[in-house]
Amino acid sequence: MSSVDARTSGAQGVGVEKPRVAFWNDPEKRGYIFQAVLFAAVIYFFWAAFDNARDNLVKQKIASGFGFWNNTAGFDIGQRLIPYETTSTYGQAFWVGLTNTLLVAVVGIVLATFLGFIIGVARLSKNWLVQKLATIYVEAIRNTPLLLQLLFWYNAVLKALPEVKESVAIPGGSFLNTRGLFVPEPVFAANFSWVLYTLLAGLVGYVSYGRWARLKQEKTGEQSPVLKVGFGLVILFPLAVYFLAGQPLSFNYPDLGRFNIRGGVQVYPEFVALVVGLTIYTAAFIAEAVRAGIQAVSKGQTEAAYALGLRPGPTLDLVVIPQAMRVIIPPLTSNYLNLTKNSSLAVAIGYPDLVQVFTGTVLNQTGQAVEVVVITMAVYLTISLTTSMFMNWYNARKALIER
Amino acid sequence: MKKLLMSVAVGAAVVLAAGAASAQTTTLNQVKARGTLQCGSNTGLAGFGLPDAQGVWAGLDVDLCRAMSAAIFNDPTKVKFVPLSSKDRFTALQSGEVDVLVRNTTWTMSRDTSLGLEFGPVNYYDGQGFMVRKKLKIASAMELSGASVCTQQGTTTELNLADFFRANKLKYEVVTFATSDETIKAYDAGRCDAFTTDASGLYSERLRLTAPDDHIVLPEIISKEPLGPATRHGDNQWFDIVKWTHYAMLTAEELGVTKANVDEMMKSTNPDVKRLLGTEGKFGEAIGLPNDWGYRIIKHVGNYGESFERNVGMGSRLKVARGVNALWTKGGLQYAPPIR
C-alpha cells in the first residue's frame, strides 16, 4: 500500500506545473533563505562572542592565548602516572591530570559494573534478606548527594587508618597507614617477556578454540570442554613457562622510613576514597538498570526455555541475559558517562584529577580562565563521546536482529 | 564541579559584560551608585578576615575595606564581604564581582602583569612557614625530607613549597586542596606530616586544630609574602583611593592620631595632621572623595597600629609581634609617602 501512495504523490509533484510566484513566496526557496540567515546569525554570534572576549582581555591587560602551555609549571603533583617534575610544563601537568582522571574513570567503571550487576541481581533474589538488603543499599545510596558520600569516604578512610609509625603490616610485605596502601612493586627480569608471550598465545588459542566450539555446537549440537581447555591454555601453560624461565619476577618491598615508607607502590587514600565513593554511588544506578533489564524479559521466555528442557543456568545465560542486555546497555552508557564526569568532584578531597590540577592550580597560576576552561570542557566532551561511541557500537552488536 | 561552573560563569561575565562596564563608568561611581563596597575577602582566616559570633566581619584586611567604606560613605558598615577561595579570587576581581580584593594576597610580578590587576600597598609583610606535630621531634624545615605536606591550591605557597624542596634537594609529597578548610582538616586528620602557608596563617589555623598545643611552627621562613589589596588594572582613581586609604592609616599612626583622640586632633595646629584630617588643603578632592576622608577613616576604623593590635597583635588571640610590620620609625617596613 505505502509504495503505491508514494508513487502517486511523487507523480503529482512532477506532473502538476507550479504556479509562478515571487521567490520569497516559494516555500522551498524561502526555506533555504531562512536556513542561510539562521546559519549566518549563529556564525556571527560565535564570532562576536570570541572577538568580544579577545578584545576585553586585551583591554584589561589579561594575558590570553595558549602560549602558557610550554611554560614551566613550578608546582608539584602528588599522584602521577607519567613522569612529572617541578620543572615540567603546564602541558605536562595537564597530561598528569588527564591520566589521573582516566585511571579513576576506568577503575571506577569496571568495579561499578561488577558491583552493580551483583546488586541488581540481588534485588530480584528469592531470598528475603538479600533482596531487602539490596533494596536498602540502592535507596540509601541513590538518594544522598555524591559529594557528601565522597567526603564521608575520605574522612572515614583517613580517620580509620593508623599513622605512619604505627603502620599496619599486611602479610605479604604490604603496609597500610594514613598515607595509603603500600604494596610490593613487581620487578620484571628480562626472561619475563617469555611468560607474557605464552600468556598472549594462550589467550589467542582460547578465543579461537571458543569460536570453533561454538560453531561446532551450532552445527552438531555437541558441546566442548571450553573452560577446561581455557584454564590449561591461559593459566597452566604460562605458569609452566614461568618456572622453566627461572621465576623471572621479584618484588621491591616497601620499607618503613623516618616519615614515610620507601619503595613499593603507593596507593593514595584520595584515590581509594574517590574510587570507592564513585563505585558505590554508580553501582546503585547500574543495579536499577540491571533489575529493569531482567524484568523486561517476559516470563514466557523463561517458561519456554524450561519447556525446551534447558536447566536454570543455561536459561539465564542463553535466553534471559542476552535479551536483558538490550535494555541494560543504553542506561549503562549514561551511568559510565556520569561516573567519568562525577570524578571531577575529586577536587573536594584533594585527588589530583584534571579539574583539580588544570582548572585549579594551572588556571590560578596563569590566570587564563577562558582558555583553561575551554580545554577542560573539550577533554570531557571527547572522553564522553568516545565512551558513548564504543557503547553504541556494543549496543548495535547486542541489539535484537529480527528475522 | 562548583568551581568549574564558577569559572565558566566568570569567564562568560568577562566575555560579555566587563568591557562595557570599564569603558565609561569608574569603579568609584559604581560603588556610590550601588551604595555598598563589594570587598573580596578570605573565606575565613582569623585576624585577617573572619565573621565573628554575631556574623560581623573582623580582621586586618577587613579593616582596610571598612576604612574605604568610611572614606566614601562616612559609614564603615556599607561593605558587602564576598568570601573567595584562593582559586576564585582573581576571576572574581577581573569580572567585576568585587571592587577590591583584600584577601591576604601575595603581590608577585606575574599576578601584577598578566592578570590585569594592580597591587596596592603592602598591608602585611609575611613569609611562608611550616607547622608540624611536636611528637615528630623536628626543629628545622631542613629535616622534612620524605615528609608529606598539605597545602592550599592556587597559592604562591604551592610554588614556594616546590621551590624550597627542589633547592634543598629534599624529597616530599604534596597533597593540595581547594580550600583552607579542607587543607587544615586533612592535616588534622594526619594525612600530612606538615602544613604550610604564610606564617600569620599558621598561627591562625593552629587555633582550629583539635589540639593546638600538639603542633609547633618551624623557625624557617622560606619566602617573601607581601600581602596587600588588589584592584583592576586601568582605573587609576580607584587604585589611588585604595593606596591612600592604607597610607592615611599609617600616617595617622605615625602622627599619633587615634580613634579616641581624632576629634581633639581636628583642632591641632600641626600641618601634617591638618592635611591628613582635611582641615587644610584639598587632598580628598584629588581622589574624588570629600576632603575629610582622612578624618572619617580614623574616626570609624582607627589607625594602622590600632587595627593591627586589635586583629592580629597583642589584643587578639593570635599575639603576633609587629616585627617587620612596625612603622619605619620603629625599625619596620611600613612607610607612607607624605600627604602633601
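Residues numbered from 1 in each chain as written. Chains lettered and ligands numbered in written order. Predicted model: local features only at pLDDT ≥ 70, side-chain atom pairs only at ≥ 80, totals over all residues. Heavy atoms only, no water.

## Observations concerning the packing of helix α10 (residues 312-342) of chain A against helix α12 (residues 369-398) of chain A
Residue and element names in this part refer to chain A. Rule in force here: The convention used is that axes are lines fitted to C-alpha atoms, helices contributing only their stretch in contact, and that angles between N-to-C directions extend from 0 to 180 degrees. By the criteria applied, helices consist of DSSP H or I runs no shorter than four residues and strands consist of E runs no shorter than two, each listed in order from the N terminus. Convention used here: angles under 35 degrees read as roughly parallel, angles over 145 as roughly antiparallel, angles from 65 to 115 as roughly perpendicular, and any remaining angle as oblique. Whether a crossing is left-handed or right-handed is set by the direction in which the near helix is turned from the far one by less than a right angle, anticlockwise for left-handed and clockwise for right-handed. Two residues qualify as a contact provided that any one of their heavy atoms is within 4.5 Å of a heavy atom in the partner residue.
In the contact formed by α10 and α12, the axes pass within 10 Å of each other and the chain directions differ by 170°. Accordingly, the angle class assigned to the pair α10 and α12 is roughly antiparallel. Along this stretch, α10 crosses α12, giving a crossing that reads as right-handed. Contacts from M325, R326, I329, P330, L332, T333, Y336, L337, T340 and K341 in α10 reach Y380, I383, S384, T387, S388, M391, Y394, N395 and K398 in α12.

## A look at helix α9 (residues 236-255) of chain B
Residues three or four positions apart in an α-helix share a direction because the helix packs 3.6 residues into each turn. Put simply, the rule reads: Between the first and last residue of a helix there are one fewer steps than residues, each counted as 1.5 Å, and that sum is the expected span.
Its 20 residues place the ends of α9 of chain B 27 Å apart at the C-alpha level, agreeing with the 28 Å of an ideal helix rising 1.5 Å per residue. Within two residues after α9 of chain B, G256 of chain B carries a phi angle of roughly 75°, on the positive side.

## Details of the domain arrangement of chain A
What counts, and what does not: Domain extents, as shown, originate in an automatic or database domain assignment.
When its domains are assigned, chain A resolves into domain 1 (20-52) and domain 2 (90-184 + 253-398). Domain 1 of chain A and domain 2 of chain A are separated by 46 Å when their C-alpha centres are compared.

## Here we look at the interface of chain B and chain A
Accessible area lost during the coming together of the parts is what is often quoted as the interface size. To keep things clear, this is the line we draw: Accessible surface is computed with a 1.4 Å probe, and the buried area is the amount of it that two parts give up when combined, taken over both parts together. For this analysis, a salt bridge means a side-chain nitrogen from Lys or Arg found within 4 Å of a carboxyl oxygen belonging to Asp or Glu. N or O atoms within 3.5 Å of each other form a polar contact, as long as, within protein, one can give a hydrogen and the other can take it, and as long as residues adjacent in sequence are counted only when both atoms are side-chain atoms. Note on residue classes: Ala, Val, Leu, Ile, Met, Phe, Trp, Tyr, Cys and Pro are nonpolar, Asp, Glu, Lys and Arg are charged, and everything else, Gly too, is polar.
Contacts between the two partners involve 50 residues from chain B, matched on the other side by 49 residues from chain A. When chain B packs against chain A, close to 4,100 Å² is buried across both sides, 54% of that on carbon and sulfur atoms. In this structure, the connection of chain B to chain A is made through two salt bridges. At the boundary of chain B and chain A, one finds 13 residue pairs in polar contact (both at pLDDT 80 or more). Breaking the side of chain B that touches chain A down by element, the ones donating at least two residues are α1 (2-24), α4 (89-94), α5 (109-114), β9 (147-152), α6 (156-167), β10 (172-177) and α7 (180-188) of chain B. The leading source of residues in the side of chain B that touches chain A is α1 of chain B, at eight residues. In terms of residue class, the side of chain B that touches chain A is made up of 22 nonpolar, 17 polar and eleven charged.

## Some remarks on the sheet that holds β10 of chain B
All names here are of chain B. The line we're drawing: Any two strands are treated as partners once DSSP identifies two or more bridges connecting them.
Spatially, β10-β9-β11-β8-β12 is the arrangement adopted by the five strands of the open sheet, whose pairing is mixed. The sheet is open, and its two borders are formed by β10 and β12 (215-217), each paired with just one other strand. Adjacent strand axes in the sheet meet at a mean angle of 30°, parallel and antiparallel pairs treated alike. The pairing of β9 with strand β11 (residues 194-198) spans two bridges and is parallel. In the strand pairing of β11, V149 is matched with A194. Docked against the sheet, α7 engages β8 (128-133), β9, β10, β11 and β12, running at close to 155° with respect to β9.

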